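Inside the fold
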Amino acid sequence: MSTKQGIIKGSKKERQLDFWGKLYFPEIFKGMWFSFKHIFKPTVTIQYPEEKPVLGPEFRGRPVLVQENGKERCVACGLCARACPPLAISMQGAEMEDDQKERYPETFEIDMLRCIFCGYCEEVCPEEAIVMSPDYEINFSSREDAVYGKDRLVIDKAQLKPRLDFLAERRNKNFGEVYNFNEDNNIHTLRNREE
Ligand code: SF4
Ligand code: SF4
């Protein structure tokens, strides 16, 4: 039995071509017609790197630390480092000089060779201090250069607004209903920062 594709099916000669298949031209013209039709369709490819893709706030680029009013939000609790599957995060916490109750990361490093952009660090952070940025252009020339310190991680809140707004929209609306905590004593508990 022959088919439209020009291949004889249902027999031992399945791999053999029929008359039209042997001519090749019908299949070639079909392919050319298919390509020709797409000439008039809108282009979906872009000329990267000259042209940059427009990415929505849902895109998970490299993780960065949020800076608010000149200080990083991070309180060096270490949760992100515990949650990070490839152990890409390391930090050293210290007490702030003006407020002994507050901690900050004296050093904070993410090994970009290990990071898999999973977003777990962002998910577990109680302070919304580490978020996934829109930056996907990461390059380095050595293993040492791939370890990003605070100089490359800390980014001002204003630049991360789309992602922070995106996270705020998805915040757990029922938070606080199960445990009736005293807000004054829970300064490091996940909270709505706009309140
Ligand atoms: S995105 Fe995932 S792999 Fe990368 S630092 Fe965060 S938790 Fe680790
Ligand atoms: S989970 Fe958040 S607050 Fe805790 S160390 Fe990581 S970035 Fe800092």
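Quick look at the structure, then.

What counts and what doesn't
Residues numbered from 1 in each chain as written. Chains lettered and ligands numbered in written order. Predicted model: local features only at pLDDT ≥ 70, side-chain atom pairs only at ≥ 80, totals over all residues. Heavy atoms only, no water. Helix = DSSP H or I, 4+ residues; strand = E, 2+ residues; numbered from the N terminus. Buried < 20%, exposed > 50% of the residue type's maximum accessible area, 1.4 Å probe, protein only. Contact = heavy atoms within 4.5 Å. Areas by Shrake-Rupley, 256 points an atom, 1.4 Å probe, with all protein chains shown as cover. Near = heavy atom within 4 Å. Nonpolar A, V, L, I, M, F, W, Y, C, P; charged D, E, K, R; others polar. Core = buried A, V, L, I, M, F, W, Y, C linked by side-chain atoms within 4.5 Å. Salt bridge = Lys/Arg side-chain N within 4 Å of Asp/Glu carboxyl O. Phe/Tyr/Trp six-rings, centres within 6.5 Å; stacked < 30°, edge-to-face > 60°. Pairing = 2+ DSSP bridges. Patch = residues over 30% accessible without salt bridge, like charges linked within 9 Å, V, L, I, M, F, W, Y side chains within 5 Å.

1. Considerations on the overall build of the chain
For the chain, the count of helices and strands is six helices and seven strands. When the 195 residues of the chain are sorted by exposure, 27% land in the buried category. A sequence separation of at least 24 residues applies to 66% of the contacts in the chain between residues at least 6 apart. Of the roughly 14400 Å² that the chain leaves accessible, carbon and sulfur atoms contribute 54%.

2. Observations regarding the site of ligand 2
Lining the immediate environment of ligand 2, one finds Cys74, Val75, Ala76, Cys77, Gly78, Leu79, Cys80, Met91, Cys125, Pro126 and Ile130. For the shell around ligand 2, the per-class residue count stands at 10 nonpolar, one polar and no charged.

3. Examining the site of ligand 1
Around ligand 1, the structure places Cys84, Pro85, Pro86, Ile89, Cys115, Ile116, Phe117, Cys118, Gly119, Tyr120, Cys121 and Met132. A class-by-class count of the residues in the shell around ligand 1 yields 11 nonpolar, one polar and no charged.

4. Quick word on the nonpolar core
Counting residues in each nonpolar core, the largest one holds 18 residues, and the members touching the most others are Ile89, Phe108, Ile110, Ile130 and Leu153. The set of elements that each furnish at least two residues to this core consists of helix H3 (79-83), strand S4 (103-111) and strand S5 (130-132). When neighbours within four sequence positions are excluded, Phe108 is seen to be in contact with Leu65, Cys74, Cys80, Ile89, Ser90, Met91, Ile130, Tyr148, Gly149, Lys150 and Leu153. With eight residues, the next largest nonpolar core counts Val131, Ile155, Phe166 and Leu167 among its residues.

5. Here's the deal with the pattern of salt bridges
This model, assessed by the stated rule, comprises 13 salt bridges. The salt bridge involving Lys157 is made with Glu68; its shortest N-O contact spans 3.3 Å. Here Lys157 is found in the loop between strand S7 (154-156) and helix H6 (161-169), whereas its partner Glu68 is found in strand S1 (residues 63-68), with 89 residues between them in sequence. Across the pair Glu169 and Arg170 runs a salt bridge whose closest N-O atoms are separated by 3.4 Å.

6. Quick notes on the packing of aromatic side chains
Taken as a whole, this structure holds six aromatic pairs when the rule is applied. These aromatic residues form a ring-pair network of at least three members: Trp33, Phe36 and Phe40.

7. Thoughts on the side chain of Arg163
Position of Arg163 relative to the elements: it lies in helix H6. With residues near it in sequence (within four places) discarded, Arg163 still touches Pro57, Glu58, Phe59, Arg60, Glu122, Val131 and Met132.

8. What to know about the environment of Pro53
Following the sequence through the fold, Pro53 ends up in the loop between helix H2 (25-39) and S1. Among residues more than four places away in sequence, those in contact with Pro53 are Ile46, Tyr48 and Tyr136.

9. Structural notes on the sheet that holds strand S3 (residues 89-95)
Across the sheet, which stays open at both edges, the three strands sit in the order S3-S4-S6 with antiparallel pairing between neighbours. Sheet topology places S3 and strand S6 (147-148) at the edges, where each strand pairs with a single neighbour. As paired elements, S3 and S4 share seven bridges and run antiparallel to each other. Within S4, the residue paired with Gln92 across the bridge is Thr107.

10. Focus on a nonpolar patch on the surface
On the surface, a cluster of nonpolar side chains totalling about 940 Å² of accessible area is made up of Phe19, Trp20, Leu23, Tyr24, Phe25, Ile28, Phe29 and Met32. Broken down by secondary-structure element, the contributors of at least two residues to the nonpolar patch are helix H1 (19-23) and H2. Ranked by residues supplied to the nonpolar patch, first place goes to H2 with four residues. Mapped onto the fold, Tyr24 is located in the loop between H1 and H2.

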